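If you want the building blocks of each chain, they are given just below.
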Amino acid sequence: MAYGAMDRPARVEYEPLAGAEDEGDHDRGPEPLETSTDFDGHAHDHSAVVAFSWIEYAIFAFLGVAMLWAWNMFLAAAPYFAFRLAGHAWAEDNFQSAILTVSTLTNLSVLLVLTNVQQSASYPFRINLALVINSVVFSLLTCSTAVFLDAGPGAYLGFLLFMVACSAFAMALIQNGAFAFAASFSRPEYMQALMAGQGVAGVLPAVAQVVTVLLFPPPTDGQSTPSRRSGAHGGQTSAFLYFLAAVVISVTALIALIPLVRRHHRIVESRMADHMAESMNSIEDAERAARKATSLWTLFIKIRWLALGVALTFTVTMFFPVFTTKIRSVQEDRGLLFKPPVFIPLAFFFWNLGDLGGRMATMFPFSLQNRPVLLFVLAALRIGQLPLYLLCNVGGRGAVVSSDFFYLFVVQLAFGLTNGWLGSSFMMASGEWVDEGEREATGGFMGLFLVVGLTAGSLLSFTLSSI
C-alpha cells in the first residue's frame, strides 16, 4: 500500500527548539515516551526521550560542516584546478565530471560495505577516522600549491583524482557514522543540524574562494592562459589558504566530537540501566545489544518513498556543478568580480546559500514529513528547474536571458533552496517511521541512498561535458 494512503501514526511530540532545556537538563534521567506505530502498522516502544540541547545541536551542525567541507572545497576550487590542468584538452573539458564520478563511485562502494555492517559498528570511530584522513588529504593538497608546480597536467590530474578518492573514502565513513550517530539520539533536530551544517559547508568554501581571489588576484599578462610559474604567486596563494582551512576544520571537528561521544555514552548507560546493565561488560556491548539487526530490504520497504526521494533529489542536483563551471557572466568586462576565477565561486555561493536556507527552513512548523509520497512527487517536479540553466550564458556563447541577476537568484538560489528543503525533509522524516533499534541503521541507509543519487547524477553529468 502506498504511504500516502495510510494515516499518520501516533508520534512523539518533541519540544520546540525555542523551549529547549537549559544545561541542567543533561543531568536528568530520561523521560517516558509513548508507544508509536510505523506506517506499516508495527508498534514499537520508545523507552526514553533525550532532552534537546543547543550545545549538542551546534556540535552536530559543525560535524555536518566537516562532513561536506571537503566535497564543496573540490567544487569551489574548480578555477584553480582548471588553471593547473591547462593544456590538457580532455582534462580541461572533463575534470569536473571526473572528480564527481571518482568521488561518488568510491563513496558509494564504501557505503555499501559499511551499511551492511550494523551490529558491530562503532560509529564514533568511523567519524574520527574520516576526520583524520581528511586532515592528511588536505595537508597534501595544501603542500601541492607550493611544491611540484611544474608537474604536467596529466600528472596533476592523477594526483588530484587520488586525493578525491581518499577524501571520498573518508566521506563515506563520516556520512555513515554521523547520520547513524545522530539517529541514535532519537532527536530529529540533530539530523536537521547535520543537514544544516552541510549547507554551511557549501557556503563558506565559496566565500573563501571569492575573497582569496579578490585579495590575491591571478596575474594578467595578456595571455588567455597564464603560465604555471607566474600563477604560483596568485592562484596558488589563494588555493593554499582554503585548502589549509579544510585541515583546520577537520582537526577542530575531531576535538568537538569528544563531549558528544561522552554524552552518548551517558545516554546508553541510562537506557540500559534497568534491564541490561548487569549482563553488559561495556558501553559498546550495551549499545550493540540494543540494536536491531535489520536487512536493507526491510528498511527499504518501510521508508521506500523517503529513500527514493532523497536519491532523486541529489541525482538532479549533481547537474548543477557542471553548469556552474561553464556559465560566464554576461558583463565579464566590468571587472574582476565578473571574471571566471571569481564569478564561478560566486555562483556556487548563491547555490549553497539557497541550499542552506532550504535546510534551515525545515525548522519551521510547516512540514510535509508526514507525506512521503508528496515529497517524492515534489522531488520529481524539481527536474523542471534544470532547463533554466540553458537560458544563461553557457560557455560564454550568449544568454537567452541576459542577466546575471536571473542566473544567480532565479536559477542558482532557487535550485539550491529546493535541494536543501527536500533533502533535509527526507532525512529528518526517516527516523520517525522505524523501530527504536533500527534508527541507527536507518540513518546510515538514508545516507547510502543520498550517495546513490550523487553517483547517478555524477555519471549522468558526463552528458553535459561538451555543452
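Residues numbered from 1 in each chain as written. Predicted model: local features only at pLDDT ≥ 70, side-chain atom pairs only at ≥ 80, totals over all residues. Heavy atoms only, no water.

### As for the overall build of the protein
Keep this limit in mind: Strands here are runs of E lasting at least two residues and helices are runs of H or I lasting at least four, both read from the DSSP assignment and numbered beginning at the N terminus. Working definition: with a 1.4 Å probe on protein chains only, accessible area under 20% of the residue-type maximum means buried, over 50% means exposed, and in between means partly exposed. Pairs of residues are marked as contacts when any of their non-hydrogen atoms sit within 4.5 Å. Using a 1.4 Å probe, the Shrake-Rupley method yields the accessible areas, and only the shown protein chains count as cover for residues.
For the protein, the count of helices and strands is 15 helices and two strands. Across the 467 residues in the protein, those meeting the buried criterion constitute 56%. Once local pairs closer than 6 in sequence are excluded, the contacts in the protein between residues at least 24 apart make up 83%. Summed over its atoms, the accessible surface of the protein is roughly 18,300 Å², and 66% of this surface lies on carbon and sulfur atoms.

### With respect to the environment of W90
Tracing the sequence through the fold places W90 in helix α3 (residues 89-115). Residue W90 is classed as partly exposed on the basis of its relative accessible area of 46%. In sequence terms W90 and G154 are 64 residues apart; their C-alpha atoms lie 9.7 Å from each other.

### A short note on the packing of aromatic side chains
Which entries qualify depends on this criterion: Pairing of aromatic side chains here covers Phe, Tyr and the six-membered ring of Trp, requires ring centres within 6.5 Å, and sorts the geometry by plane angle: under 30 degrees stacked, over 60 edge-to-face, intermediate tilted. The rule is short: NZ of Lys or CZ of Arg within 6 Å of the ring centre and within 35 degrees of the ring normal puts a charge over the ring.
What the rule picks out here adds up to 29 aromatic pairs. Residues F81 and Y156 carry aromatic rings whose centres are separated by 6.5 Å and whose planes lie at 45 degrees to one another, so their mutual orientation is tilted. Here F81 is found in helix α2 (residues 78-84), whereas its partner Y156 is found in helix α5 (residues 153-183), with 75 residues between them in sequence. Taking the relative accessible area as the measure of exposure, F81 reaches 0% and is therefore buried. Centroid distance F138 to F243: 6.1 Å. Interplanar angle 50 degrees. Geometry classified as tilted. One end of the pair, F138, is in helix α4 (residues 123-144); the other, F243, is in helix α8 (residues 235-272), and 105 residues separate them in sequence. The pair formed by F138 and F243 is uniform in burial state, with each residue classed as buried. Among the aromatic residues, ring-to-ring pairing joins F52, W54, Y57, F60, F181, F185 and Y190 into one connected group. We note R84 situated over the ring of Y156; from NZ or CZ to the ring centre the distance is 4.1 Å.

### Details of the pattern of salt bridges
Short version of the rule: Salt bridge, as used here, is a side-chain nitrogen of Lys or Arg placed within 4 Å of a carboxyl oxygen of Asp or Glu.
Enumeration over the complete set of coordinates arrives at five salt bridges. One salt bridge in this structure joins R187 and E189, with 2.9 Å as the shortest N-O distance. The class of R187 is buried, set by a relative accessible area of 5%. By relative accessible area, which is 10% here, E189 ends up buried. R359 serves as the salt-bridge partner of D355, at 2.8 Å between the closest nitrogen and oxygen.

### As for the confidence of the model for the protein
Counted only if it meets this: pLDDT is a residue-level measure of predictor confidence that goes from 0 to 100.
Taken residue by residue, the protein gives an average pLDDT of 79. The fraction at 70 or more is 79%. Note on residues 1-47: pLDDT is under 50 here. Beyond four places in sequence and across chains, it has 92 contacts. Between residues 221-233, whose pLDDT stays under 50, and residues either more than four places distant or in other chains, the model counts 20 contacts.

### So, a nonpolar patch on the surface
The line we're drawing: Exposure above 30% relative accessible area and the lack of any salt bridge qualify a residue for a patch; like charges then connect within 9 Å, and the nonpolar side chains Val, Leu, Ile, Met, Phe, Trp and Tyr within 5 Å.
On the surface, V207, V211, L215, F216, F240, L241, L244 and V248 cluster together into a nonpolar patch covering about 630 Å² of accessible area. For the nonpolar patch, the elements supplying multiple residues, two or more each, are α6 (188-215) and α8. Top contributing element to the nonpolar patch by residue count: α8, with four residues. Position of V211 relative to the elements: it lies in helix α6.

### Here's the deal with the packing of helix α10 (residues 296-317) against helix α14 (residues 404-430)
Packed helices, taken two at a time, are described by the angle between their axes plus the distance between the axes. Here is the rule: In this description, a line fitted to the C-alpha atoms serves as the axis of each element, helices being fitted only across the stretch in contact, and the angle between N-to-C directions of two axes falls anywhere from 0 to 180 degrees. Here the word oblique covers every angle except those under 35 degrees (roughly parallel), over 145 (roughly antiparallel) and from 65 to 115 (roughly perpendicular). By definition, any crossing whose near helix is turned counterclockwise from its far helix by less than a right angle is left-handed, and any crossing with a clockwise turn is right-handed. Under the convention adopted here, Pro, Cys and the residues Ala, Val, Leu, Ile, Met, Phe, Trp and Tyr are nonpolar, Asp, Glu, Lys and Arg are charged, and Gly plus all remaining residues are polar.
It is at 9 Å that the axes of α10 and α14 come closest, and there the two elements cross at 155 degrees. When the axes of α10 and α14 are compared, the pair comes out roughly antiparallel. The way α10 lies across α14 gives a crossing that is left-handed. Residues I303, W305, L306, G309, V310, T313, F314, V316 and T317 of α10 form the contact with α14, whose own contacting residues are F415, N419, L422, G423, F426, M427, A429 and S430. Among the residues forming the contact of α10 with α14, the class breakdown is 11 nonpolar, six polar and no charged.

### Notes on the packing of α3 against helix α15 (residues 439-460)
In contact at an axis separation of 9 Å, α3 and α15 are set at 155 degrees when each is read in the N-to-C sense. With respect to their mutual orientation, α3 and α15 come out roughly antiparallel. For the pair α3 and α15, the crossing hand works out as left-handed. For the pair formed by α3 and α15, the contact residues are L100, T101, T104, L105, N107, L108, L111, L112 and T115 on the first element and G444, F445, G447, L448, V451, V452, L454, T455, S458 and L459 on the second. Of the residues contributing to the contact of α3 with α15, the split by class is 11 nonpolar, eight polar and no charged.

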